[in-house]
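Structural characterization, general
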There are 2 protein chains.
Amino acid sequence: MGKQEDINELFKSSESDVYGEGLTPKQKRILEAAIQMFSEKGYSSSSTSEIAKRAEVAEGTIFRHYKTKKELLLAIVTPVMSNLLAPFIIRDLDKVLKKNYKSYEDFLIAIVKNRQEFIEKHISIVKILIQEIPFHDELRSQFIDRIGKEVYTRLEAIVSHFQAKGELVEMPTQTAIRLTASSIGGFLFARYILLPEHDWNDEEELKHTIHFIMNGMKAR
Amino acid sequence: MGKQEDINELFKSSESDVYGEGLTPKQKRILEAAIQMFSEKGYSSSSTSEIAKRAEVAEGTIFRHYKTKKELLLAIVTPVMSNLLAPFIIRDLDKVLKKNYKSYEDFLIAIVKNRQEFIEKHISIVKILIQEIPFHDELRSQFIDRIGKEVYTRLEAIVSHFQAKGELVEMPTQTAIRLTASSIGGFLFARYILLPEHDWNDEEELKHTIHFIMNGMKAR
DNA sequence: AACTAAAGTGAGTAATCACTCATTTTTTAT
DNA sequence: ATAAAAAATGAGTGATTACTCACTTTAGTT
């Protein structure tokens, strides 16, 4: 059904390659098994002993690589958190906007298609992230401080940019961002979490969704 | 901060008054403690022993009233699930629509204000419901079969009604419902879950949100 | 007051939990 | 080939888990 996670690509090394460059085969199996279990049963209903069993590895091996169970969770979830919203964190955003996107609509289409690919590829981990964020302070503060605020700042700039061009109606940028994000987030949520088995026409739905946003906020 | 749950009102009796009419004082304290803990730490990270401690009750008392821990969860969550979407399940919907709401906009304003009150009152339990639905088959199937489908049918009728009046642009009703629900759900999510501490101007936000929906889907 | 049913108790149960560590196996460097 | 380092093991740890049960207390009825 869903595509397999590409463990190698996502977990290569956290920041630079200061940390070890590769993963042990068994370490990979541990991550795969943990991702499976966490997304199926939730973090705290998943026992390390069953993760070990699924990975066909001794339980001790898990704790050789990850000091605690929570560290294992963070190792899984942190890289997607960083990459999920990465496209929003760009230098010289203003130049990029002027060059690449002549309308808010173009910008939205590009960003959604791009993020949809990513989500599709890492849907299990995205699920875990969404599920566990409310219960782990480290996760929440990491998300809000490091990612959320930065992304929000960029989005503010983008919306202001197109408002100044007279393309979007004047309303608090905060509200504009919320409405845009809700519409797109609502689509992705319905598409991948609520009714993933439904027979979706992605192209068509995306078109409707973005037209809806544009009409809803169009300056007239 | 948040308002207290009104245990008495919500848990009076499941269906008719066939079941016992009231709750023991200790039973009430158990429910209050469990709601608190489940919403703070999640269902499976909450132990029955700590629930008992918070309720100042012997652990055995919990199991006198609820055979299992999961039965306790269902006792908490089922009544809000029923009441949350109850206003959508109305007989003679068409008459109600024609009499009470002359536009889709009026309908939306009424329904959102009504549901916002309910969510505000029972926000902890709504959180629990959202958190636990993915992990409990009984919950999910109950929600989809008994509530979801019925509500969806009504919404379909409502959207068709206003499309026929020429008020809404022609698009698949499914898509129209999704877009409407995303916009409103996005507001409620931001308002009560993502940034509950933010200084919200509810009236203003609601106005923007509904204008956004109306413009986005207006027939022109 | 006497009887009954329901409510409440808390010590006890087996199972499971995350995690440790002494030891063995495998990989790497020389 | 040999030594050193890293990876892997699995039996064992005390703590905690959901749940039971024989028993006591409370509430309601006559």
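All figures in this text were calculated on a predicted structure; none of them were measured in a lab.

Residue and element names in this part refer to chain B. Remark: helix α5 (residues 69–84) packs on helix α7 (residues 104–121), axes separated minimally by 11 Å, with the N-to-C direction vectors making an angle of 170 degrees. The angle between α5 and α7 places the two elements in the roughly antiparallel class. Taken together, the residues of α7 that come into contact with α5 (itself represented by V80, N83 and L84) are R115, F118 and I119. Here the residues of the contact of α5 with α7 sort into four nonpolar, one polar and one charged.

Near DNA strand D lie 17 residues; those nearest to it are T24, K26, T61 and H65 of chain A together with K69 of chain B. Taking all atoms of DNA strand D within 4 Å of the protein, the share assigned to sugar and phosphate is 60%. Residue T48 of chain B places a main-chain N or O atom 2.8 Å away from a phosphate oxygen belonging to DNA strand D. Within the side chain of E59 of chain B, an N or O atom sits 3.4 Å from a base nitrogen of DNA strand D. At the level of secondary structure, the elements contributing two or more residues to the surface near DNA strand D comprise α4 (59–65) of chain A together with α3 (48–55) and α4 (59–65) of chain B. If one sorts the elements of the surface near DNA strand D by residue count, α4 of chain A sits on top with four residues. Class assignment of the residues belonging to the surface near DNA strand D gives a composition of three nonpolar, nine polar and five charged.

A few words now on the relation of the copies chain A and chain B. Between the two copies of the chain lies a rotation about an axis combined with a shift along it. When chain A is fitted to chain B, the residual RMSD is 0.1 Å, and the transformation amounts to a turn of 180 degrees plus an axial shift of 0.0 Å. Expressed as a symmetry operation, the mapping of one chain copy onto the other fits a two-fold axis. Ranked by how close their C-alpha atoms come to the rotation axis, the residues of chain A are headed by G216 of chain A, at 1.9 Å. In this assembly, 100% of the residues forming the interface of chain A have copies in chain B that are likewise at the interface, indicating an isologous arrangement.

Right, let's get into the protein's contact with DNA strand C. Around DNA strand C sit 17 residues in total, of which K69 of chain A together with T24, K26, T61 and H65 of chain B are the nearest. When atoms of DNA strand C within 4 Å of the protein are sorted by moiety, sugar and phosphate together comprise 60%. Between DNA strand C and the protein, one listed contact pairs a base nitrogen with a side-chain N or O atom of R64 of chain B at 3.1 Å. For the surface near DNA strand C, the secondary structure elements donating two or more residues are α3 (48–55) and α4 of chain A together with α4 of chain B. Looking at the surface near DNA strand C, the element that brings in the most residues is α4 of chain B, giving four residues. Here the residues of the surface near DNA strand C sort into three nonpolar, nine polar and five charged.

A word on the side chain of R191 of chain A. All names here are of chain A. With respect to the secondary-structure elements, R191 resides in helix α10 (residues 173–194). A polar atom in the side chain of R191 sits 2.8 Å from the side chain of D202. Excluding its chain neighbours within four sequence positions, the residues that come into contact with R191 are P196, W200 and D202.

Taken as a whole and assessed by the stated rule, the structure comprises 11 aromatic pairs over all chains. Between F187 of chain B and W200 of chain B, the aromatic rings sit 6.0 Å apart at their centres with planes inclined by 75 degrees, giving edge-to-face as the arrangement. With F187 of chain B in helix α10 (residues 173–194) and W200 of chain B in the loop between α10 and α11 (202–217), the pair connects residues that are 13 residues apart, well separated along the chain. An aromatic cluster of at least three residues, connected via ring pairs, comprises Y101, Y104, F107 and F162 of chain A. Above the ring of Y43 of chain B, the side-chain terminus of K69 of chain B is found at 4.4 Å from the ring centroid.

A few words now on unusual backbone geometry. Residue and element names in this part refer to chain A. Even without glycine at this site, E56 takes up a positive phi of about 55 degrees. Mapped onto the fold, E56 is located in the loop between α3 and α4. Take E56: its relative accessible area is 62%, and that puts it in the exposed class.

Between chain A and chain B, the contact holds 31 residues from the first and 31 residues from the second. Interface area for chain A against chain B, summed over the two sides, is near 2,600 Å², with a carbon-plus-sulfur share of 56%. It is F135, R178 and F212 of chain A in chain A that bury the most area against chain B; as a group they hold 27% of the surface buried on that side. Taken together, the connections running from chain A to chain B amount to two salt bridges. In this structure, E205 of chain A and R178 of chain B form a salt bridge, with 2.4 Å as the shortest nitrogen-oxygen distance. Remark: the boundary between chain A and chain B carries 11 residue pairs in polar contact (both at pLDDT 80 or more). Those elements that provide at least two residues to the side of chain A that touches chain B are α2 (25–41), α10 and α11 (202–217) of chain A. With nine residues, α10 of chain A is the largest single contributor of residues to the side of chain A that touches chain B. For the side of chain A that touches chain B, a count of residues per class yields 11 nonpolar, 15 polar and five charged.

Reading the values: the criteria
Residues numbered from 1 in each chain as written. Chains lettered and ligands numbered in written order. Predicted model: local features only at pLDDT ≥ 70, side-chain atom pairs only at ≥ 80, totals over all residues. Heavy atoms only, no water. Axes fitted to C-alpha atoms, helices over the stretch in contact; angles between N-to-C directions. Helix = DSSP H or I, 4+ residues; strand = E, 2+ residues; numbered from the N terminus. Parallel < 35°, antiparallel > 145°, perpendicular 65-115°, else oblique. Contact = heavy atoms within 4.5 Å. Nonpolar A, V, L, I, M, F, W, Y, C, P; charged D, E, K, R; others polar. Near = heavy atom within 4 Å. Polar contact = N/O pair within 3.5 Å; in protein donor to acceptor, adjacent residues only side chain to side chain. Least-squares fit on C-alpha atoms with pLDDT ≥ 70 in both. Phe/Tyr/Trp six-rings, centres within 6.5 Å; stacked < 30°, edge-to-face > 60°. Lys NZ or Arg CZ within 6 Å of the ring centre and 35° of its normal. Buried < 20%, exposed > 50% of the residue type's maximum accessible area, 1.4 Å probe, protein only. Buried area = accessible area lost by both parts, 1.4 Å probe. Salt bridge = Lys/Arg side-chain N within 4 Å of Asp/Glu carboxyl O.

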